[in-house]
Amino acid sequence: MKIFVTGGAGFIGSHFVRRLLAAGGSEVTVLDKLTYAGNRANLPKEDPQLRFVRGDINDGALLAELLPGHDAVVHFAAESHVDRSLSGASDFVLTNVLGSQVLFDACLKARVERVVHVSTDEVYGSVPEGSSLEGDPLLPNSPYAASKAGGDLLARSYFQSHRLPVVITRCSNNYGPYQYPEKVIPLFITNLLTGKQVPVYGDGRNVRHWLHVDDHCRAIELALEKGTPGEIYNIAGGPELSNLDLTMRILELCGADERRIQYVTDRKGHDLRYSVDYSRITEELGYQPQKSFDEGLAEVIDWYRDNQWWWAPQTQPVDPAAGAEQAG
Ligand code: NAD
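Residues numbered from 1 in each chain as written. Predicted model: local features only at pLDDT ≥ 70, side-chain atom pairs only at ≥ 80, totals over all residues. Heavy atoms only, no water.

**What to know about the pattern of salt bridges**
Moving on, step 1. By the definition in use, this model includes 16 salt bridges.
Moving on, step 2. In this structure, the salt-bridge partner of aspartate 203 is arginine 205, at a minimum N-O distance of 3.2 Å.
Moving on, step 3. Residue class for arginine 205 comes out exposed when judged on its relative accessible area of 52%.
Moving on, step 4. Where glutamate 295 meets lysine 291, a salt bridge forms, and the shortest distance between an N and an O atom there is 3.9 Å.
Moving on, step 5. Overall, the relative accessible area of 41% leaves glutamate 295 in the partly exposed class. (Salt bridge = Lys/Arg side-chain N within 4 Å of Asp/Glu carboxyl O. Buried < 20%, exposed > 50% of the residue type's maximum accessible area, 1.4 Å probe, protein only.)

Dropping the structure here:
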């Protein structure tokens, strides 16, 4: 199978590509713009099954050249950090909305037989109680989430209007190795490893579900292999934790205590809670999360401890006035 992966040098996309290459049997083309969040070092330097192209999903001519002959496209490329979307949303709209549309057009022209659009639970907006179902209305609150909802709705429209065989996935927050250290888990770990404080937004009661990136990628593989075109699949399975609970667990595993917490002004429009019901992908595609959070978090801390070469060049001096939140 020939698979085209956008954003394959980012956190989740590179994990997906490394899994594909390790499984064998696929030829993979990665198209990635290498923004600050993309890193060529997240992928093997050389692999006969991998072709890496630096480029933009908004470049229709490049897509027309690259896409023909691919059996499937998995679309990860995005601007992904909520805080950055609050200080400037243009790049988010450009890549997450317009870029997705340019990609879907190119997929139609190249007659790609399967597309997976990787979306997020944040498109549903804040869910104070219960869990969002795939048919629930989209009520995004941050420019990041709104731009992801735009791409998500375009994917649906390309199925409805043009029968583009696209499957949409909406996953909860991810954690794992190779995550850019602006997101809460790697930021807190790298801050603790370098003797800094960890900035917690507001009173830390905002709630997120945390899924290991490997479980997310297995769910995307199932959507790719067996998902019904035009359908949406929520993905989750990790624990529900307040930011403060999460912080306490990271502190404990890093041998630190609450004196390292610095409470900072809450993020604008900070969603209190996200939660998706993922029974559809469980029942229809046989998905089951496998990684326990305690084991996964301890492994990730070890990974950041052992791979300072990877993250040290990417860490900026921490602005104590800024909190951190995982976008997803
Ligand atoms: P990331 O920021 O780590 O990676 C994004 C990648 O896209 C980078 O390699 C970047 O260089 C590339 N990119 C950005 N703009 C591009 C463009 N115009 N053309 C080509 N490449 C471009 O993000 P991530 O955390 O790996 O997220 C991947 C996808 O999964 C995103 O679509 C995100 O919305 C979604 N998602 C993320 C989470 C999470 O918790 N991180 C949860 C659910 C869904």
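**Here we look at the domain arrangement of the protein chain**
Moving on, step 1. Segmenting the protein chain into domains produces domain 1 (2-174 + 210-235) and domain 2 (177-208 + 239-272 + 280-314).
Moving on, step 2. Here the C-alpha centroids of domain 1 and domain 2 sit 23 Å apart.
Moving on, step 3. Facing 35 residues of domain 1, the contacting portion of domain 2 comprises 34 residues.
Moving on, step 4. Here domain 1 packs against domain 2, burying approximately 3000 Å² in sum over the two surfaces, 55% of which is carbon and sulfur.
Moving on, step 5. Counting every contact that joins domain 1 to domain 2 gives 3 salt bridges.
Moving on, step 6. The shortest N-O distance in the salt bridge between aspartate 83 and arginine 267 comes to 2.8 Å. (Domains from an automatic or database assignment. Contact = heavy atoms within 4.5 Å. Buried area = accessible area lost by both parts, 1.4 Å probe.)

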